[in-house]
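Structural description and commentary
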Amino acid sequence: MKKILIVEDVDLNLDLLIQLLEDDFEIVAARDGASGIEMAEEHLPDLILMDMSLPVMDGWEATKKIKSSAATQRIPVIGLSAHAMNGDREKALDAGCDDYLTKPVDDILLLSKLEEFLGA
């Protein structure tokens, strides 16, 4: 079973993602960017869903650190944000995200992206 790390600080958003994915994937979760980096290094997930607005360390910085580490740089990161401003997608990609989705997350689109990155 493929492993997905969800880095999300809002309980409702985390719960919705877990409910959507838990039957088909092993899920690990972190509540802030710094913990997300630690969990990525410890669990080496197959993919990371990274909220970009996080406490302690935001998703932009956490993604940069994940992508700069030899141990985690090849893990695909999909950035998630409620911000749909012009330039946010480009900012996420520049930070190292492999893709970017806006919240609320479209379940079908997310599952399509997981298929694209994981073949799952």
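For the structure, see preceding data.
All of the points below concern the structure found in this document. Values in this document were obtained by computation on a predicted structure and should not be read as measured data.

Procedures and definitions
- All residue numbers refer to positions counted from 1 along the written sequence of the respective chain.
- Per-residue local features of the predicted model are confined to residues with pLDDT of at least 70, and side-chain atom pairs are confined, for both listing and counting, to 80 or more; whole-chain, interface and lining totals are unaffected and use all residues.
- The side-chain numbers reported here are obtained from all heavy atoms of the structure, hydrogens and water having been left aside.
- The classification of residues rests on relative accessible area computed with a 1.4 Å probe and restricted to protein chains. Under 20% of the type maximum is buried, over 50% is exposed, and intermediate values are partly exposed.
- Put simply, DSSP H or I for four residues or longer makes a helix, DSSP E for two residues or longer makes a strand, and each gets a number counted from the N terminus.
- Think of the arc as the fan of directions from the helix axis to the C-beta atoms.
- Residue contacts are defined here by distance: any two heavy atoms, one from each residue, within 4.5 Å place the two residues in contact.
- Two N or O atoms form a polar contact when they lie within 3.5 Å of each other; inside protein one atom must be a possible hydrogen donor and the other a possible acceptor, and for residues adjacent in sequence the pair counts only when both atoms belong to side chains.
- When DSSP locates at least two bridges between a pair of strands, those strands are taken to pair.
- Each axis is a line fitted through C-alpha atoms, taken for helices only over the stretch in contact, and angles between the N-to-C directions span 0 to 180 degrees.
- Only one rule defines a salt bridge in this text: a Lys or Arg side-chain nitrogen within 4 Å of an Asp or Glu carboxyl oxygen.
- If the strands point away from the viewer and the path from the first strand over the helix to the second runs clockwise, then the crossover is right-handed.

With that settled, the discussion passes to helix α3 (residues 59-68). Of the residues making up α3, those classed as buried are Gly59, Trp60, Ala62, Thr63, Ile66 and Lys67. Each buried residue of α3 lies within a common arc of 165° when the element is viewed along its axis, so the set occupies one face. Contacts made by the buried residues of α3 are with α2 (33-43), β3 (47-51), β4 (77-81) and α4 (88-95). The backbone nitrogen of Trp60 has a side-chain oxygen 3.1 Å away, supplied by the residue at the start of α3, namely Asp58.

This paragraph deals with the sheet that holds strand β1 (residues 3-7). In spatial order, the strands read β2-β1-β3-β4-β5; together these five strands make up an open sheet with parallel pairing. At either end of the open sheet lies a strand with only one pairing partner, and these are β2 (26-30) and β5 (99-102). With strand direction ignored, the average angle separating the axes of adjacent strands in the sheet is 20°. With four bridges joining them, β3 and β4 adopt parallel strand pairing. When the bridges of β4 are listed, Asp51 appears paired with Leu80.

If the charged atoms of two oppositely charged side chains come close together, the side chains can form a pair. Tallied over the entire structure, the rule returns eight salt bridges. The shortest N-O distance in the salt bridge between Arg89 and Asp99 comes to 3.1 Å. Here Asp99 lies in strand β5 and Arg89 lies in helix α4, a separation of 10 residues in the sequence. Given a relative accessible area of 36%, Arg89 falls into the partly exposed group. Its relative accessible area of 4% is what places Asp99 among the buried residues. Between Lys113 and Glu116 there is a salt bridge whose closest N-O contact spans 3.9 Å. Taken together, the residues span about one helical turn, with Lys113 and Glu116 both in helix α5 (residues 107-118) at a distance of three residues. Judged by its relative accessible area of 17%, Lys113 falls in the buried class.

Take the pairing of β3 next. For β3, the buried fraction is high: five of the five residues fall into the buried class. The alternating pattern of β3 places Leu47, Leu49 and Asp51 and Ile48 and Met50 on opposite faces, both of which are buried. With four bridges connecting them, β1 and β3 associate as parallel partners. When the sheet's bridge partners are listed, Leu5 is paired in β3 with Ile48. Running through α3, the crossover from β3 to the neighbouring parallel element β4 is right-handed.

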